[in-house]
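Here is how the chains run, residue by residue.
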Amino acid sequence: MQSSAPQSTRNCVACGRSIAWDANVCPYCGHDFRMVMAPVPQKKESAMPVIGGILIIIAGLIELVVGGVLMAGGTVFLGLSLGTSGILVACGAVLAIVGIIALLGGIFALQRKHFGLAVLGGVLGLGGWFIPGLIGLILIALARDEFHD
Ligand SMILES: [Zn+2]
């Protein structure tokens, strides 16, 4: 039964021989441990979530603006035809809410977090700006691995 090695030595990962704990280079095989000690490179981050997020934010803004115009227009004509303008205001409100969710999804995409919400924002943003929103959605889906959750 071999007892545990003293703390002052360790085994070289390249040749397996016992070397000083704080050695930078193995005296036997020349393996350079500074390479190993260097920080592990971060997971590669592409621009895809950023571009996708910006596209979805713009799509959400368009929905927000259109929704706001519908609400404002509906309110202006409220006295003229209550039924129709009521629907207009309701549609505008829904569109504005959808736009806000798309906006938040785009912001999450920029931060590479809450992948599910970023995708939801992308889907909801399609109503505002279809083709760019779709491109944004695809970019986010392709960058799935870059998201933190
Ligand atoms: Zn070695």
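Here's what I pulled together on the structure shown here. Every chain is numbered on its own, with residues counted from 1 as its sequence reads. Since the coordinates come from a predicted model, pLDDT governs what is reported: local features require at least 70, and pairs of side-chain atoms require 80 or more to be given and counted, while whole-chain, interface and lining totals use all residues. Side-chain metrics rest on all non-hydrogen atoms present in the structure, leaving aside hydrogens and water.

Focus: the side chain of Ser46
Strands are runs of DSSP state E lasting at least 2 residues, helices are runs of H or I lasting at least 4, and numbering of each runs from the N terminus. Take Ser46: it is sitting in the loop between helix 1 (33-37) and helix 2 (48-76). Within the local environment of Ser46, its side chain forms a polar contact with the backbone nitrogen of Met48, the two atoms lying 3.2 Å apart. Any pair of N or O atoms that falls within 3.5 Å is considered a polar contact. Within protein, one atom must be able to donate a hydrogen and the other to accept it, and sequence-neighbouring residues count only if both atoms are side-chain atoms.

Describing the packing of helix 2 against helix 4 (residues 115-125)
Think of two packed helices as two axes; the pair is described by the angle between the axes and how far apart they sit. Axis angles are defined between N-to-C directions and span 0 to 180 degrees, where every axis is a line fitted to C-alpha atoms and, for a helix, only to the segment in contact. Relative orientation of the contacting elements helix 2 and helix 4 amounts to 50°, with a least axis distance of 9 Å. Between helix 2 and helix 4, the crossing angle belongs to the class labelled oblique. Crossing hand, helix 2 versus helix 4: left-handed. Counting all contacts with helix 2, which are made through Ile56, Ala59 and Glu63, the residues of helix 4 involved are Ala118, Gly121, Gly122, Leu124 and Gly125. When residues are sorted by character, Ala, Val, Leu, Ile, Met, Phe, Trp, Tyr, Cys and Pro go into the nonpolar class, Asp, Glu, Lys and Arg into the charged class, and all the rest, Gly among them, into the polar class. A breakdown of the residues in the contact of helix 2 with helix 4 according to their chemical character gives 4 nonpolar, 3 polar and 1 charged. Any angle that falls under 35 degrees is termed roughly parallel, while one over 145 is termed roughly antiparallel, one within 65 to 115 roughly perpendicular, and all others oblique. For any pair of crossing helices, the crossing counts as left-handed if the nearer helix is rotated counterclockwise from the farther one by less than a right angle, and right-handed if it is rotated clockwise. Contacts between residues were defined by any pair of non-hydrogen atoms, one from each residue, lying within 4.5 Å.

Some points on the coordination of the zinc ion
Distances from the zinc ion to its protein donors, namely Cys12 (SG), Cys15 (SG), Cys26 (SG) and Cys29 (SG), fall within the range 2.3 Å. Classification of the site at the zinc ion as tetrahedral follows from its 4 donor atoms and the range of 105 to 118° in their angles at the metal. In this analysis a donor is any N, O or S atom within 2.8 Å of a metal ion (3.2 Å for sodium, potassium and calcium), and since water is not included, sites may seem incomplete. Positions of the donor residues of the zinc ion, expressed as sequence spacing, correspond to C-x2-C-x10-C-x2-C. Of this pair, Cys15 sits in the loop between strand 1 (9-11) and strand 2 (18-20) while Cys29 is found in the loop between strand 2 and helix 1, placing the two residues 14 residues apart along the sequence. Burial classification: accessible surface area is computed with a 1.4 Å probe over protein chains only, and a residue below 20% of its type maximum counts as buried, one above 50% as exposed, and the rest as partly exposed. The partly exposed category is assigned to Cys15, whose relative accessible area is 31%. Residue classification places Cys29 among the partly exposed residues on the basis of a relative accessible area of 39%. Under this scheme a four-donor centre is tetrahedral when all angles range from 85 to 135 degrees, a four-donor centre is square planar and a six-donor centre octahedral when opposite donors are above 155 degrees with the rest from 65 to 115, and any other centre is irregular.

Looking at the nonpolar core
Throughout, nonpolar core names a set of buried Ala, Val, Leu, Ile, Met, Phe, Trp, Tyr and Cys residues whose side chains join them through atoms within 4.5 Å. Counting residues in each nonpolar core, the largest one holds 8 residues, listed as Ile56, Ala102, Ala109, Phe115, Ala118, Ile140, Ala143 and Phe147. For this core, the secondary-structure elements that each account for two or more residues are helix 3 (82-110) and helix 4. Ignoring sequence-local partners within four residues, the contact set of Ala143 consists of Met48 and Pro49. Among the nonpolar cores identified, the runner-up in size contains 5 residues, and Cys12, Ile19, Ala23 and Phe33 belong to it.

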